[in-house]
Amino acid sequence: MPPSTLLRALTGTRPLTRGVSVSMQQRNRSRIISGSLHGHSQSNMATHMSSFRSWSRVQRFGIAACRQYSSSSGYPNVSLSAPLPGIPKPLFASVDGQEKHETRITTLENGLRVASQNKFGQFCTVGILVNSGSRHEAKYPSGIAHFLEKLAFSSTSQYGSKDEILLSLEKHGGICDCQTSRDTTMYAVSAEVKGLDTVVSLLSDAVLQPRLLDEEIEMTRMTVRFELEDLNMRPDPEPLLTEMIHAAAYRGNTVGLPRFCPVQNVDSIDRKLLHTYLRSYYCPERMVLAGVGIEHEQLVECARKYLLNVKPVWGVSKPDKVDRSVAQYTGGIIKMEKDMSDVSLGPTPIPELTHIMIGLESCSFLEDDFIPFAVLNMMMGGGGSFSAGGPGKGMFTRLYLNVLNRHHWMYNATSYHHSYEDSGLLCIHASADPRQVREMVEIITREFIQMAGTAGEMELERAKTQLKSMLMMNLESRPVIFEDVGRQVLATGKRKLPHELCQLISNVTASDVKRVTTKMLRSKPAVAALGDLTELPSYEHIQAALSSKDGRLPRTYRLFR
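An account of the accompanying structure is given in this report. (Residues numbered from 1 in each chain as written. Predicted model: local features only at pLDDT ≥ 70, side-chain atom pairs only at ≥ 80, totals over all residues. Heavy atoms only, no water.)

## So, the environment of arginine 279
As a reminder, the rule being used: Secondary structure follows DSSP: runs of H or I at least 4 residues long count as helices, runs of E at least 2 residues long count as strands, and numbering of each begins at the N terminus. In this scheme, a residue with accessible area under 20% of its type's maximum is buried, one over 50% is exposed, and one in between is partly exposed, where area comes from a 1.4 Å probe on protein chains only. Polar contacts, as used here, are pairs of N or O atoms within 3.5 Å; protein pairs need one atom able to donate a hydrogen and one able to accept it. Residues neighboring in sequence count only if both atoms are side-chain atoms.
With respect to the secondary-structure elements, arginine 279 resides in helix H10 (residues 271–281). Judged by its relative accessible area of 26%, arginine 279 falls in the partly exposed class. Here tryptophan 314 takes part through its backbone oxygen, which lies 3.2 Å from a polar atom of the side chain of arginine 279.

This is the structure:
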């Protein structure tokens, strides 16, 4: 309906003749009304006068002011700040203050821990976390955890294939996933709360009753080979550099063992080897069943039903070959000469870059110094030279202000903090043109040395506020809460609540940051280098720079370049 038609429908008026002025229309109406006074009854005259007044109100106040409401002849006389009359009082969900934040934990007779967290909603996230990862493969060929990640949610004793599992979950609007890290394997399902019984039954079957058929293992070998090729070809070198820096920092032990299956081990991993590994590490005392968005009693009941007296497919026996070694930080350097000139996947070429990552030992997440290190990492911040955003994106962090804003030729400078139950690693990743690698390394070593200086009050408060806001925003997501609950209970047997962590962050002082930095600078550096390394300084020179007062590399003199 055209606007003019809509206007007439709302006001009940006839269309105005094109080219006739409003005053002419008013004169015509006056003649009609005056004629009506002589030729009609008193009631007809009242009707015409009412129409005339209505038209006048439309002209003066607009259409909205003249609309008729079913409840009255004008606007409702109810204040917007008062409740509407006749509306029943709303009933809101409420819980006790203690129960609202509490993570409830129950340990079953077989040692399995069940942990849950309240979160109102129609969906829940439930999963099993296992204290098993690449760091536990010291007595096995590396790559078993990588294989188990790819084999997860394949055929089981109840389900003939992965498609059957997905169809079963779709009835409850569910999805499933498995992720492995250096110290944890996590099987997780998000689905409707009504399907909790099906979800826990499925998780029990996927973790304890996998068939591990020959064709599934062969398909996994193909998947792993593809991932290894992709790892070396992708434009983003960060996963490969992270793998290299761990191998340099913890050479040949625990978290320094390969997270991805080495090429030479792909064909040697079979069902017998997997069963041997699973028998050692997939036992109830090394597991946590965690859930978010469900009642604790209901989760415990399902755990007793499907996880208490279940015999795994690999049999029940006393675990052997369990690796309990503690991470030994060694420091060192790992270099990979690689042509980075053809990594672009699109028509616009990516410039050839050399990537350097330098790290120093920090602390485990069980120590009190973990929070000051987290604040220090946030204070360093950084990112890419084309990162967009405001203060919340880290534009006021040190690596932006001191590095990216001052040295236009650097493409990236980012701080990372990796922390485990017995050690940690704080490192800086930087990338630049191969001809400027030496200068780039010196800039990064100077930033490490400047960490030991006293942090400014505004800088420290900004880093703490940003860390707290990041923590709270991440914990808005149900899957993130699930992972936080599961990992904390698996590592410590309890969970620190968000407000406790925020209080610990608020208590960090400039002297705490200075103290942990001074301690960190005493360790040997770990260095990972990828690309054209012609201009890379020697490891001894990098170590000397991190031991100096200003972070500068020793001068070198060459007769020929």
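## Comments concerning a nonpolar patch on the surface
Rules: Without a salt bridge and with relative accessible area above 30%, a residue can belong to a patch; like charges are then joined within 9 Å and nonpolar side chains (Val, Leu, Ile, Met, Phe, Trp, Tyr) within 5 Å. Computed by Shrake-Rupley with a 1.4 Å probe, the accessible areas treat only the displayed protein chains as cover when residues are assessed. Salt bridge, as used here, is a side-chain nitrogen of Lys or Arg placed within 4 Å of a carboxyl oxygen of Asp or Glu.
A surface patch of nonpolar side chains, amounting to about 290 Å² of accessible area, comprises Val78, Leu84 and Ile87. You can see leucine 84 is positioned in the loop between helix H3 (42–61) and helix H4 (97–101).

## What about the pairing of strand S12 (residues 526–531)?
Under the convention used in this document: A pair of strands counts as paired when DSSP detects no fewer than two bridges linking them.
Counting buried positions along S12 gives six out of six residues, so the element sits mostly inside the fold. As judged from the six bridges shared by strand S7 (residues 332–337) and S12, these two strands associate in the parallel manner. Opposite isoleucine 334, over in S12, you have alanine 528 as the bridge partner. In terms of strand pairing, strand S8 (residues 354–361) meets S12 through five bridges, oriented antiparallel. Along S12, the bridge assignment pairs methionine 357 with alanine 528.

## As for helix H19 (residues 539–547)
Stated formally: The directions from the helix axis to the C-beta atoms are what the arc is built from. Throughout, a contact is declared for two residues whenever any of their heavy atoms are within 4.5 Å.
Within the span of H19, buried status applies to Tyr539, Ile542, Ala545 and Leu546. Looking straight down H19, one finds its buried side chains confined to an arc of 125°; they lie on one side. Turned more than 90 degrees off the buried face of H19, the exposed positions are Glu540 and Ser547. Contacts from the buried residues of H19 go to S7, S8, helix H14 (437–450) and S12.

## Structural notes on the sheet that holds strand S4 (residues 175–180)
Our working definition: Only the contacting stretch of a helix is used when fitting its axis, a line to C-alpha atoms as for every element, and angles between N-to-C directions run 0 to 180 degrees.
Strand order across the open sheet formed by six strands is S1-S2-S6-S3-S5-S4, with mixed pairing between neighbours. One side of each edge strand has no neighbouring strand; the edge strands of this open sheet are strand S1 (103–107) and S4. Pairs of neighbouring strands in the sheet enclose a mean axial angle of 15°, with direction left out of account. Direction of pairing for S1 relative to strand S2 (residues 113–117): antiparallel, over a ladder of five bridges. Residue pairing for S2: threonine 107 is matched across the bridge by arginine 113. Along the sheet, helix H16 (residues 478–492) makes contact with S1, S2, strand S3 (123–130), strand S5 (185–192) and strand S6 (287–292), crossing S3 at roughly 30°.

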